[in-house]
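# Structural description and commentary
For reference, the chains in residue letters:
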Amino acid sequence: MLKLEKRPEPSTLWTYLTPLVAVLATMLAGGALFAFLGKDPVLAIRTIFWDPLFSEFAYYYRPQLLVKGAPLVLIAIGLSLGFRAGIWNIGAEGQYIIGALAGAGVGLAFYPHEAWYIFPLMVLAGALGGCAWAMIPAILKVRFGTNEILVSLMLVYVAERLLASMSLGLLKNPEGMGFPGSRNLQNYPSAHNAELIAGSGMHWGVVAAFIAVIAAHVLLNRHILGYHIRLAGQAPRAARFAGVTPARLILVCLGTAGALAGMAGLFEVSGPAGQVSIDFNVGYGFTAIIVAFLGRLHPVGILLAGALMALTYIGGEIAQSQLGLPSAAIQLFQGMLLFFLLAIDVLTNYRLVRTAREVA
Amino acid sequence: MKLHNILTTAVAALGLATAAMAQDKTKVGFIYVGPIGDGGWTYEHDKARLAVEEHFGDKVETIYQESVPEGTDAERAITQMALQGADLIFTTSFGFMDPTVAAAKKFPNVKFEHATGYKTAPNLSTYSARFYEGRAIQGHIAGRMTESNTIGYIASYPIPEVIRGINSAFIHARKANPDVQFKIIWAYTWFDPAKEADAAQALIEQGADVILQHTDSTAPQAAAEKAGDVITFGQASDMAEYKPMPRVSSIIDNWAPYYIARTQAVIDGTWESQQVWHGIGEGMVGIGEITDAVPDDVKAEALALKDAIASGDYHPFTGPLKKQDGSDWLSESEVADDGTLLGMDFYVEGLTGEIPQ
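Cut-off values and rules
- Counting restarts for each chain, with residues numbered from 1 along the sequence as it is written.
- Written order decides the labels, with chains lettered from A and ligands numbered from 1.
- Per-residue local features are limited, in this predicted model, to residues with pLDDT of at least 70; the limit for side-chain atom pairs, both in listing and counting, is 80 or more; totals at the level of whole chains, interfaces and linings are taken over all residues.
- Helix and strand assignments follow DSSP, with helices taken as H or I runs no shorter than four residues and strands as E runs no shorter than two, numbered in order from the N terminus.
- Working definition of burial: number of other C-beta atoms within 10 Å of the residue's own, with buried at 20 or more, exposed at 12 or fewer, and partly exposed in between, all C-beta atoms being placed from the backbone.
- What counts as a contact here is a pair of residues whose C-beta atoms, placed from the backbone, lie within 7 Å.
- Here the expected span of a helix is defined as 1.5 Å times the quantity of residues minus one.
- Three classes are used, and their members are as follows: Ala, Val, Leu, Ile, Met, Phe, Trp, Tyr, Cys and Pro are nonpolar, Asp, Glu, Lys and Arg are charged, and the others, Gly among them, are polar.
- Whether two strands pair comes down to DSSP finding at least two bridges between them.
- pLDDT expresses, on a scale from 0 to 100, how confident the predictor is about each individual residue.
- In this description, a line fitted to the C-alpha atoms serves as the axis of each element, helices being fitted only across the stretch in contact, and the angle between N-to-C directions of two axes falls anywhere from 0 to 180 degrees.
- Angular relationships are summarised with four words: roughly parallel below 35 degrees, roughly antiparallel beyond 145, roughly perpendicular across 65 to 115, and oblique for the angles in between.
- In this scheme the crossing of two helices becomes right-handed for a clockwise turn of the near helix relative to the far one and left-handed for an anticlockwise turn of less than a right angle.
- The bend reported for a residue corresponds to the angle between axes fitted to the seven residues ending at that residue and the seven starting there.
- We define a nonpolar core as a collection of buried residues of the types Ala, Val, Leu, Ile, Met, Phe, Trp, Tyr and Cys that are connected via C-beta atoms lying within 7 Å of each other.
- Either an automatic procedure or a domain database provided the assignment from which the domain bounds are taken.

Within chain A, the secondary structure is distributed over 14 helices and 2 strands. By the burial criterion, 50% of the 360 residues in chain A qualify as buried. Taking contacts inside chain A between residues at least 6 apart in sequence as the whole, the part at least 24 apart equals 79%.

For helix α6 (residues 160-176) of chain B, which comprises 17 residues, the first-to-last C-alpha distance of 24 Å matches the rise-based estimate of 24 Å (1.5 Å per residue) to within 8%. With 14 of 17 residues buried, α6(B) lies mostly within the body of the structure.

Contact with chain A, which involves 34 residues of that partner, is made by 37 residues of chain B. Sorting elements by how many residues they give to the side of chain A that touches chain B places helix α13 (residues 299-323) of chain A first, with 5 residues. Residues that form the side of chain A that touches chain B fall into these classes: 17 nonpolar, 14 polar and 3 charged.

The subject of this paragraph is the pairing of strand β7 (residues 181-186) of chain B. Here strand β6 (residues 150-155) of chain B runs beside β7(B); their pairing, made up of 6 bridges, is parallel. Across the sheet, the residue bridging to B:Ala155 is B:Trp186, located in β7(B).

All names here are of chain B. Confidence in the prediction of chain B, expressed as mean pLDDT, is 90, and 94% of residues score 70 or more. Confidence drops under a pLDDT of 50 for residues 7-22, and excluding neighbours within four residues, the segment shows 17 contacts in the predicted structure. Reported for the predicted complex are a pTM of 0.82 and an ipTM of 0.79.

Residue and element names in this part refer to chain B. Their axes nearest at 8 Å, the elements helix α7 (residues 193-205) and helix α8 (residues 219-227) cross at an angle of 40°. Accordingly, the angle class assigned to the pair α7 and α8 is oblique. Crossing handedness for the pair α7 and α8: right-handed. Within the contact between the two elements, α7 uses Pro193, Glu196, Ala197, Ala200, Gln201 and Ile204 and α8 uses Ala219, Pro220, Ala222, Ala223, Ala224 and Ala227. Counted by class, the contact of α7 with α8 contains 10 nonpolar, 1 polar and 1 charged residues.

It is worth spelling out helix α4 (residues 58-84) of chain A at this point. Residues and elements named next belong to chain A. Between its terminal C-alpha atoms α4 stretches 36 Å, which fits the 39 Å expected from 27 residues at 1.5 Å a residue. Gly69 marks where α4 bends most, by close to 35°; the proline Pro71 follows one to four residues later. By the criterion of burial, α4 is predominantly enclosed, with 24 of the 27 residues buried. Remark: Gly86 follows α4 within two positions and exhibits a positive phi of approximately 80°.

Side chains of a nonpolar character, in soluble globular proteins, are inclined to be buried together. If you look at the biggest cluster of nonpolar residues, it comprises 211 residues, and the most contacted ones within it are A:Val73, A:Leu74 and A:Ile75. Considering every element that reaches this core, the biggest residue donor is α4(A), with 15 residues. When residues are assigned to domains, this core turns out to be shared by domain 1 (2-129) and domain 2 (133-252 + 287-342) of chain B, each giving three or more. With residues up to four places along the chain from it excluded, the contact list for A:Ile75 reads A:Ala92, A:Tyr96, A:Leu260, A:Ala261, A:Ala264, A:Tyr284, A:Gly285 and A:Ala288.

Another point: the domain arrangement of chain B. Residues and elements named next belong to chain B. Assigned domains of chain B: these are domain 1 (2-129) and domain 2 (133-252 + 287-342). If you average the C-alpha positions of domain 1 and of domain 2, the two centres end up 32 Å apart. Each partner contributes to the interface: domain 1 provides 12 residues, whereas domain 2 provides 12 residues. In terms of residue class, the side of domain 1 that touches domain 2 is built from 5 nonpolar, 5 polar and 2 charged.

A separate point is unusual backbone geometry. Following A:Tyr111, the chain continues into A:Pro112 via a peptide bond in cis, with omega recorded as 0°. Within the secondary structure, A:Pro112 sits in the loop between α5 (92-110) and α6 (118-144). Cis geometry marks the peptide bond from B:Lys243 to B:Pro244, where omega comes out at -10°. With respect to the helices and strands, the residue B:Pro244 is situated in the loop between β9 (231-234) and β10 (247-253). One non-glycine residue with positive phi stands out, namely B:Ser67, at about 50°. Within the chain, B:Thr116 stands out as a residue other than glycine whose phi angle is a positive 70°.

Before going further, it helps to spend a moment on the sheet that holds β7(B). Residues and elements named next belong to chain B. Pairing in this open sheet of 6 strands is mixed, and the strands run β7-β6-β8-β9-β10-β12 from one edge to the other. Each end of this open sheet is capped by a strand with a single partner; those strands are β7 and β12 (285-288). When strand polarity is set aside, the average angle formed by the axes of neighbouring strands in this sheet is 20°. One ladder, built from 3 bridges, connects β9 with β10; its direction is parallel. Of the residues in β10, the one forming a bridge with Thr232 is Arg247. Contacting β6, β7 and β8 (210-213), α6 runs over the sheet at an angle of about 165° to β6. Lying over the sheet, α8 contacts β6, β8, β9 and β10, oriented at roughly 160° with respect to β9.

Next up, the structure:
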């Protein structure tokens, strides 16, 4: 008989091994899935994991990995701070939308004036917008003890409505012949989050993501606030004795997460997306939750997880159009990744022991 | 600088890639907004893709990507197809407009066709169908059939395409029955069975006994079937599995002739940028079988209306017509021009409620 026994200490080995095993298991199960769909499993897995990096057209895909991964990493870093402290912000998608709206709104307000300060102001507005949206669940939690999971999630749907309304009303392109959607910021140099080196995929959002990773690493390891965040998550009672104010922690964690998600939205709307449109958000805020956990809530881990997630997105798209795989199969594949991660994660805290059959 | 060299080569390669890919087989790509099994809009585009394959056999290879989000991801999906050597790419949703324009700029040797948009380039055409012609026939049948005088309309997004459909259906429903009222629900989606079913249910509860839909799933049909004596119309696809009730007729998008003609043009080297807006007459808009649930006289009227539109004798937007606010739009026997129709952002007189802003 096999039995799960709680480890006295979480296993360091399994902490690092889990993501790798999860990826391998996903490859195996995914391969089986693709085989059932009548596709060559080896070819499919190779297309997803190898082609974006080393195929003939990798020069195009590699920069796209940055474009796709940056918002994920930026949002996940913010979320990880709260998750470590036991504060569950599920509404990053909404904060992302509001950041994009606030930032794009500032940019469009200046149109067609050209000046160097417009883009920095937009970034600021994006961060403030996302932060303000996250303050709603934060303040409600602090003042009235509401559940931040529900409030932040529900606010995503409110934000989506606001996005639709903005695309159809206030921010609608006056020269768009009545069609929804704002002016394209890519055609407005002062507000365009252009690639820093053409063709590299490197835009300010990517830079911000890297800075966020470093900042979070320093914060968690070198700063008293980082210590408080970790302590609050691991031992809430001890944290109180150590002088941690839960209210302050909630405001800081949700605020930071909101600001980073808002910035991610702004960088996206002013760069790769270009315009505010009804369907502007594509779920980065939700996928970032997976990225945060896949990265073990560790800044460097999140960076790697973001890269891996971006890889499955880009590779998944290639597999769709080259091999004719249905998009649902790719989503299933990505879902498996989280499933296996959580399943195998058990081994970090528990170990399998063989129990001798006892005689009654 | 080494990095710079790599990038310069990359940009050069981007241009060359298409030329290098020019094999004897013509490659045609399709970007879909929904899943190919949606039973509506995307399903019909994919049917037309299969028709292209069948028509050309070995001479043409088609590729597609389904459920592509409108926005950032679309440009990558389109670029990816161009890199794979597609000679002609159809992007089949309005939201793919700016991404298609951007991709067309990057690949001057690839031909692009964008459905329902208004931006063109030397290598980018637009095409759309005059669905409002089919809506006129739906409106007529709806007006004649309703007993509660309440017609429900599941709209997707408040864009000219959808507003045009509402106006056309309403004008002809009112002509058939002056007491008709429209109740409109904006679903803000093209395809979301759950949302569409909710909308249909809400409309039925408000007394609608006819449901028109501008969303692509069959969920409203199922909701109507469950309710019993509610009639519906197939949208984009025939939705024949709901015949003879609730589905009493349908608007069918028939893209196959156009896709075949454009592929042929690429093969022949005669492809040119154009803006196409075809209707019932050209066969791009089809009217699905009118079932026996519709009384014979109503069916005959509907078919006569269809013939008049097809032959060009009658235009669904013929004056006298006023706008919702009571101001004059078209005078007696004046016909709406395409420009106004393409940018339509107002309701005609008699419709209640406001277009969402």
